[in-house]
Structures are given as structure tokens and as C-alpha cells.
Amino acid sequence: MSLFRSITRLWTNSQCKAAHTHKVAFYSAVCDRPEDHHTPEIDLRLNSIRTALKDLGDGTVTLSLPNAVGDGNPKATDDTSRSPESVVQSNKIAMISISNPGGRNSLSGKMMCELADAVDVLQAWEGGAGVVLHGENGFFCAGADLKVAAQHMLGPSENGMGEEMSYLMHHTTSRLRALPLISVAAIEGAAVGGGAELATACDFRVMAKDSYIRFVHALLSVVPGWGGGTRLTKIVGRRDALRIVCTADKIHADQAMAFGLCDEVVETSTDTVKVATGFLQKLTANSTAATRALKTVVSQADDDAYRPSLNHEHDVFSRMWGNKASAEQIGKGGASARKGD
Ligand SMILES: CCC(=O)SCCNC(=O)CCNC(=O)[C@H](O)C(C)(C)COP(=O)(O)OP(=O)(O)OC[C@H]1O[C@@H](n2cnc3c(N)ncnc32)[C@H](O)[C@@H]1OP(=O)(O)O
């Protein structure tokens, strides 16, 4: 569908009529220039989504900042108790930990809000140069928490809160990608659905040898909802992106390396965060000011062209999420309900 038709559809669909100013705001919301991230309209919409999602489900997303934070750094979240030694040793690398033990670290509404909060703090962290994103208990992330989704993010309206969830996650992942920090996803177990999308929002991916990335969306009759379709295409190119999303195959670490989707394979999975941190330390070894400036230069050059694509992806997801086929799969537990996968 052409971009014009996408926008027209956005403008005319029934949900959109009630809040068309928000939809128009979205057109400039999903982008990677910091100055575009906050207009009064966008903030209003994001705040109302966060209010609606913040009490939905369990799990936590924790941001750990190093102890030795300099002046101007946020104080509230400098909890390093969950950080592996290797991360804490570097005073310019932060860590985001995803934990939802009952749901393979899938993101509940609460966790989506905490992830947005973590990115808020990182945006204000002037002393930082890098961030590692990882999942606890040997698993990266299984995407959206489908138990919460089945209860709160489907019907009675066209797609329940699915579109709102996608709006927030597009915005958060775009901001994560645009941070003046180099980001690395440390992947153990698997990155599935939105988890795979989260991995593509980072600059690099370090994968345990036995881990895999899986874009399962086709099995749920949807497209990626957190911007991962656009980002995957930028990383691996058009043909491989089509192979990955249309087959919904598991992409194991070695294959991900061949696709250019993985930057380093770790033999012993328990070392993944340590190796990811070492990887990051090499990239952030020069002056922090230079690293941050270089990241913004590369990010700006790389991301300018793909904003309309992100908006199109959000539009398509919003129309598909909650339709009969996807609602059925979400209710059954998503990709895990499929036989023989
Ligand atoms: C943005 C759009 C999206 O993200 S749509 C969401 C796409 N995600 C999915 O479809 C993932 C569905 N889950 C799976 O395919 C498998 O559970 C995966 C993640 C591969 C893990 O398999 P395996 O290691 O065998 O564990 P399991 O299936 O026994 O699951 C353990 C418990 O975790 C749960 N779980 C898993 N994924 C989710 C999820 N996304 N949301 C909520 N809960 C999830 C399972 O239901 C299972 O729970 P229980 O122990 O049966 O109570």
C-alpha cells in the first residue's frame, strides 16, 4: 500500500476519527531525532497510553546505572545490585534487564512502561556511552505478554489497545535506537516476536551459540508491531528480511551471523552478558563525548530514510492485530500454539 493510502486510511478509519490529531502526531512521532520525540500532542498520547498500561500484568524491566555516575546523571535508578560484575566495572555502560519469569520475559503493559521509563533515564544520562539489553534466567524475550494481550489488548473496539501498545513500543524502541549510547542486545535462549524486534532496536546483537531469533508474527497473522520489520530490513536487506519474516523460521546464532543479524557468537551461554559488555567496551574505549557524538552522526545518517516505513509498519500492524485470525492465535498462546514449529 502506498504511503499516501496508508495515511488516508489512518485518517479515515473509525478509531482514528475520534483521535485524528493523535494519528497525525504519530506521523512525526516514530522517528529518531530527539527533538521530534516530544511535542505536546505526542506527550499527551504517550502519557495516556502509559496510564492505561502501567498496571497490566507482572514482571519488571530494571535499569542499572554504574555507581560512578557523574554530575547531571539521574540518581533514582543507580541500582547496580542486579548487574553482572563485568557491567558494573565500566562506569559508562548501563544495563537493562528484562524479567517476567512466568512468561519467558514477555513484556506486560507494566514492563512496556518500565522500558519507556528506562529509556527516559538513559536519554538524560550525560555520562553514558553504552547500554546492554538482556533477559534474565537465560531467555531474552518472548515479545508481548500474550496473557495480558488476550485480556486487555483485543476487542471490543477494532483491535483493543493493540494499536496503543504498538504506538508506545514504536516510540520507545525508536528512542532506544536513537540514544547517544551504543546499544547491544545480549541474547540467550531466544528472542521471539516482539523480542526479536527489541533485539533489532539495538545497534548490535551478541548471541549465545544455542540461542535463536524468531520473527513469529506470520504465525499469528500479524506483522511486527514494535518497528522490527523496518529495522530487520535495514540490517539484513530486502531478500533475507522476507525470508526471515515470511517463513517465521528460527534463526540460530550461526545463521544469524551469516545474515549479518548477529555480531558475535558466544560459546558458553552464561557468558553472553559478559561478552556483550566486552564488545561494548571496545567500542566505547575512546572519549565518551566522541562516542556519543559519533553515535548521533551515524544514527542520523542511517535513520533519516526509514521513518515513513516505520509509520507504515505501525499502520499495517494496527489493522491486523485483533482481526479474527490473529485474535485466535493470541488467545491460544501465540507461536507456542503452533504444531511442528
Ligand atoms: C509485538 C507482537 C508480539 O510480540 S506477539 C507475541 C509473539 N510471541 C509469541 O508468540 C511467543 C509465544 N511463545 C512461544 O513460542 C514459546 O513459549 C517460547 C517463547 C518459544 C518458549 O518456549 P518454551 O521454552 O518451550 O517455553 P513454554 O512454551 O513452555 O513457555 C513457558 C511459559 O511461558 C509462557 N509464555 C511464553 N511466551 C509467552 C508470551 N509471549 N506471553 C505470555 N506467556 C508466554 C507460556 O505460556 C508458558 O506458561 P505456562 O508455564 O504454561 O503457564
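Residues numbered from 1 in each chain as written. Predicted model: local features only at pLDDT ≥ 70, side-chain atom pairs only at ≥ 80, totals over all residues. Heavy atoms only, no water.

**Q** Would you take a moment to explain the domain arrangement of the protein for this structure?
**A** How big an interface is tends to be stated in terms of the accessible area lost upon association of its parts. One can read the domain layout of the protein as domain 1 (38-65 + 89-285) and domain 2 (290-335). One C-alpha centre belongs to domain 1, the other to domain 2; they are set 11 Å apart. On the domain 2 side, the residues contacting the 43 residues of domain 1 number 29 residues. Interface of domain 1 and domain 2: buried area, both sides summed, is about 3,000 Å²; carbon and sulfur atoms make up 62% of it. Our count for the domain 1 to domain 2 interface comes out at 15 residue pairs in polar contact (both at pLDDT 80 or more). (Domains from an automatic or database assignment. Contact = heavy atoms within 4.5 Å. Buried area = accessible area lost by both parts, 1.4 Å probe. Polar contact = N/O pair within 3.5 Å; in protein donor to acceptor, adjacent residues only side chain to side chain.)

**Q** Would you take a moment to explain the pairing of strand β1 (residues 60-64) for this structure?
**A** In regular strands, side chains alternate between the two faces of the sheet. For β1, a buried count of four out of five residues is recorded, marking the element as mostly surrounded by other parts of the structure. Pairing between β1 and strand β2 (residues 93-99): five bridges, direction antiparallel. Within β2, the position partnered with S64 by the bridge is M95. (Buried < 20%, exposed > 50% of the residue type's maximum accessible area, 1.4 Å probe, protein only. Helix = DSSP H or I, 4+ residues; strand = E, 2+ residues; numbered from the N terminus. Pairing = 2+ DSSP bridges.)

**Q** Sorry if this is basic, but what is going on with the sheet that holds strand β6 (residues 204-208) here?
**A** In a beta sheet, neighbouring strands pair by backbone hydrogen bonds and run either parallel or antiparallel. Overall, mixed pairing links the six strands, which are arranged β1-β2-β3-β4-β6-β9 in an open sheet. Taken across any chain shown, the strands that pair with only one partner, and hence form the sheet edges, are β1 and β9 (264-266). Each neighbouring strand pair of the sheet contributes to a mean axis angle of 20°, computed without reference to strand direction. Here strand β3 (residues 130-135) runs beside strand β4 (residues 182-187); their pairing, made up of five bridges, is parallel. By the bridge assignment, H134 is partnered in β4 with A186. Here helix α6 (residues 109-124) sits on the sheet and contacts β1, β2 and β3; the angle it forms with β1, its principal contact strand, is near 15°. (Axes fitted to C-alpha atoms, helices over the stretch in contact; angles between N-to-C directions.)

**Q** How do you make sense of the sheet that holds strand β7 (residues 212-214) when you look at a structure like this?
**A** Here we have three strands laid out as an open sheet, ordered β5-β7-β8, and mixed in their pairing. Here the strands that pair on one side only, and so sit at the sheet edges, are β5 (190-192) and β8 (251-252). One ladder, built from two bridges, connects β7 with β8; its direction is antiparallel. By the bridge assignment, I213 is partnered in β8 with I251.

**Q** Help me understand the state of the cysteines, please; the structure alone is not making it clear to me.
**A** Put plainly, two cysteines are in a disulfide when a covalent bond ties their sulfur atoms together. Taken as a whole and judged by the stated rule, the model has zero disulfides. Free of any disulfide, C141 has its nearest neighbouring cysteine sulfur in C202, separated by 11 Å. (Disulfide = S-S within 2.5 Å.)

**Q** Got a minute to help me understand the packing of helix α8 (residues 162-178) against helix α14 (residues 288-303) in this structure?
**A** If you want to describe how two helices pack, look at the angle between their axes and the distance between the axes. Relative to each other, α8 and α14 sit at 130°, their axes nearing to 9 Å. One element, α8, and the other, α14, form an angle in the oblique class. Of the residues in α14, those touching α8 at L176, R177 and A178 are K295, S299, D302 and D303. When its residues are assigned to classes, the contact of α8 with α14 shows two nonpolar, one polar and four charged. (Parallel < 35°, antiparallel > 145°, perpendicular 65-115°, else oblique. Nonpolar A, V, L, I, M, F, W, Y, C, P; charged D, E, K, R; others polar.)

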